[in-house]
Amino acid sequence: MATWVEPRLPRGMRDILPQKMLQRRYVMRVIENVFERFGFEPLQTPALELAQTLLGKYGPDAEKLIYDARHREGKEELALRYDLSVPLSRVVAMNPELTKPFKRYQIAPVWRAERPQKGRYREFYQCDADIVGATSMLADAEIIAMIFAILSELGFKEFVTKLNHRQVLTALGEYSGVPTELLGGLYRAIDKLEKIGRDGVRAEMVKNQIPAPAVEKILALLDLPTDDLAAWREILRAYPRGIAGIDELEQLTQHTRALGVNPARLQVDLTMVRGLEYYTGPIFETVVTEPKIGSLTGGGRYDGLIGLFSKTALPATGTTVGIERIIDVMDELRMFPPNLGKTVTQVLVTVFDATQRAASLALGMELRAAGVNTEVWYDADGLGKQLKYAAAKAIPFALIAGPDENAAAVITLRDLNSGEQSQIARDEIIARLGEKIAAA
RNA sequence: GUGGGAUUAGCUCAACGGCAGAGCGCUUCACUGUGGAUGAAGAGGUUGUGGGUUCGAAACCCAUAUCCCACCCCA
């Protein structure tokens, strides 16, 4: 035997035990169903990518969080994927024959070496849906409509999707005259407006060495309502990129209305910034106000990314749905459907004694053949122990058959939730149990 | 990556320099055809890990790991 080691997990990683797995699977199935309803196809890619595939795509800050994953004696420089958009771009570049627009979804783990916190893990699942090869703002609008479909289907009421445009932010930089190398600091300061207020943003800009005249110009802008497109259009009229961005935001909001998106839950917010460097067009982010847990979805248009892997550039837009945070929020707010069980098992077939074992096993296999998730007890234990097991696992039903039942050709069906028992003819048991399960 | 708090039985916590404990849970029994009720008995601990101070450390000091909180960033 090897030496004893205390069982531990790597930092920021966790096991997902069966009861939690059932919740996760429920959320994933809802999301997958909505994705497919909008015509997105499933895709899978390796957890590992060549390091060069990932490097230089996310910006220096994010790049520090990428996990190295070299084989001990391997020659390839490998890294664990950091998101699903870059692998998608690689796939599209490698498979030019894919029919465009290419709509795919992928639900898979990604790894980021961040400092863990509640709702922030180093290994976590992302659910991405992207459209490659469409320049129309209708594609972006469809992504937003899909986010709304997912969140409302999961039972979310208090959420808001914020919209901004990378080109508007770029124009804002041009307008204020902030040098390119300081733009990141400028955007990050602006992004905090809601959180730290106007004076906080001023302090943040000063801290980030934004020149004083630029600080004043930006602050004047921030005094406008953050969704006043007309006012911003006027101010940015000398900056074609800004105007183009505002045009696109207007088209986008119109399209979302045509798609039935509730306008009250969609807010243009010209101070919303997303960190990833590859965004080029509209950007969007969904936040819930109730538990403060950060954003539930985030995405945008990245028309330049695929061009980094291919001679022919392709436009792309999409979103990440933050399943981990959705699950955390739903757990906290008890949003899971009440009939979402704690176990997959629907019935426990008890074994009355050794002479009944064969009969119980046969009954169990019959139930399984009929599609009922069934467990059969292993040992010659008392019924008390067997029912206690069923109760501990929250198995809803138990079947009992001893000499009394045999004599009458019946089986006792016990409902563990109500404690009610009924005798059912042996040859009707599958049909009757099926009804009970359906009603539960 | 920076700063703060926490870490003792499976879980929630107590003991604050002098014999490591309680509640819940678990096992067995009261109960040879019935779980979540009651009563009794029992099992379970390198006090996160490694050093140090002390006659004596769960407690004080140092380091380290993990979790939580705030930054940073983000799903």
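In this text, all values refer to a predicted model and were calculated from it rather than measured experimentally.

Here's the deal with the overall build of chain A
Then, number 1: Of regular secondary structure, chain A possesses 16 helices and 15 strands.
Then, number 2: In summary, chain A has a C-alpha radius of gyration of 28 Å against a globular reference of 22 Å for 440 residues, an excess of more than 25%.
Then, number 3: Counting only C-alpha atoms and orienting by the principal axes, one finds that chain A spans roughly 95 × 55 × 45 Å.
Then, number 4: Looking at chain A residue by residue over its 440 residues, the buried ones come to 49%.
Then, number 5: Measuring between centres, the 54 positive side-chain charges of chain A sit 3 Å from its 57 negative side-chain charges.

Considering the protein's contact with RNA strand B
Then, number 1: In the vicinity of RNA strand B there are 45 residues, among which Arg120, Arg188, Lys192, Arg325 and Asp404 approach most closely.
Then, number 2: When the atoms of RNA strand B within 4 Å of the protein are sorted by group, sugar and phosphate make up 46%.
Then, number 3: Between a phosphate oxygen of RNA strand B and a main-chain N or O atom of Lys118, the distance comes to 2.9 Å.
Then, number 4: Note that a base oxygen of RNA strand B is positioned 2.6 Å from one of the side-chain N or O atoms of Arg414.
Then, number 5: Considering every element that reaches the surface near RNA strand B, the biggest residue donor is helix α14 (residues 383-393), with 6 residues.
Then, number 6: Of the residues contributing to the surface near RNA strand B, the split by class is 12 nonpolar, 14 polar and 19 charged.

Looking at the domain arrangement of chain A
Then, number 1: Partitioning chain A into structural domains gives domain 1 (18-332) and domain 2 (347-435).
Then, number 2: For domain 1 and domain 2, the distance between their C-alpha centroids amounts to 52 Å.

Comments concerning the nonpolar core
Then, number 1: Grouped together as the largest cluster of nonpolar side chains are 98 residues, with contacts concentrated most on Val27, Phe35, Tyr58, Phe156, Leu186, Met205 and Ile326.
Then, number 2: Examining the composition of this core, we find that 12 residues originate from one element, helix α5 (residues 137-153), more than from any other.
Then, number 3: The residues contacting Val27, other than those within four sequence positions of it, are Leu154, Ile323, Ile326, Ile327, Met330 and Phe336.
Then, number 4: Residues Val347, Val351, Leu363 and Val376 belong to the second largest nonpolar core, which totals 20 residues.

So, how was this worked out
The numbering scheme is per chain: residues are counted from 1 as the chain's sequence reads. Working convention: letters from A go to chains and numbers from 1 go to ligands, in the order in which they are written. The predicted origin of the model limits local features to residues at a pLDDT of at least 70 and limits the giving and counting of side-chain atom pairs to 80 or more, whereas totals for whole chains, interfaces and linings rest on all residues. Working from all heavy atoms in the structure, the side-chain values ignore hydrogens and water. The secondary structure listing takes helices from DSSP runs of H or I that are at least 4 residues long and strands from runs of E that are at least 2 residues long, numbered from the N terminus. With the radius of gyration taken over C-alpha atoms, the globule rule is written as 2.2 Å times the number of residues to the power 0.38. The cut-offs for exposure are 20% and 50% of the maximum accessible area for each residue type, with area from a 1.4 Å probe on protein chains only; residues under the lower value are buried, those over the upper are exposed, and the others partly exposed. For the purpose of counting charges, residues Lys and Arg are taken to be positive, whereas Asp and Glu are taken to be negative. His and the chain ends are not included. In plain terms, the charge of a residue is placed at NZ if it is Lys, CZ if Arg, CG if Asp and CD if Glu. Here a residue counts as near a molecule or strand whenever at least one of its heavy atoms sits within 4 Å of it. Counting of polar contacts relies on pairs of N or O atoms within 3.5 Å, with two restrictions inside protein: one atom must be capable of donating a hydrogen and the other of accepting it, and residues adjacent in sequence are counted only when both atoms are side-chain atoms. Here the term charged refers only to Asp, Glu, Lys and Arg, the term nonpolar to Ala, Val, Leu, Ile, Met, Phe, Trp, Tyr, Cys and Pro, and the term polar to all other amino acids, Gly among them. As annotated, the domain borders come from an automatic or database domain assignment. Nonpolar core, defined: a set of buried Ala, Val, Leu, Ile, Met, Phe, Trp, Tyr and Cys residues in which side-chain atoms within 4.5 Å join the residues together. Residue contacts are defined here by distance: any two heavy atoms, one from each residue, within 4.5 Å place the two residues in contact.

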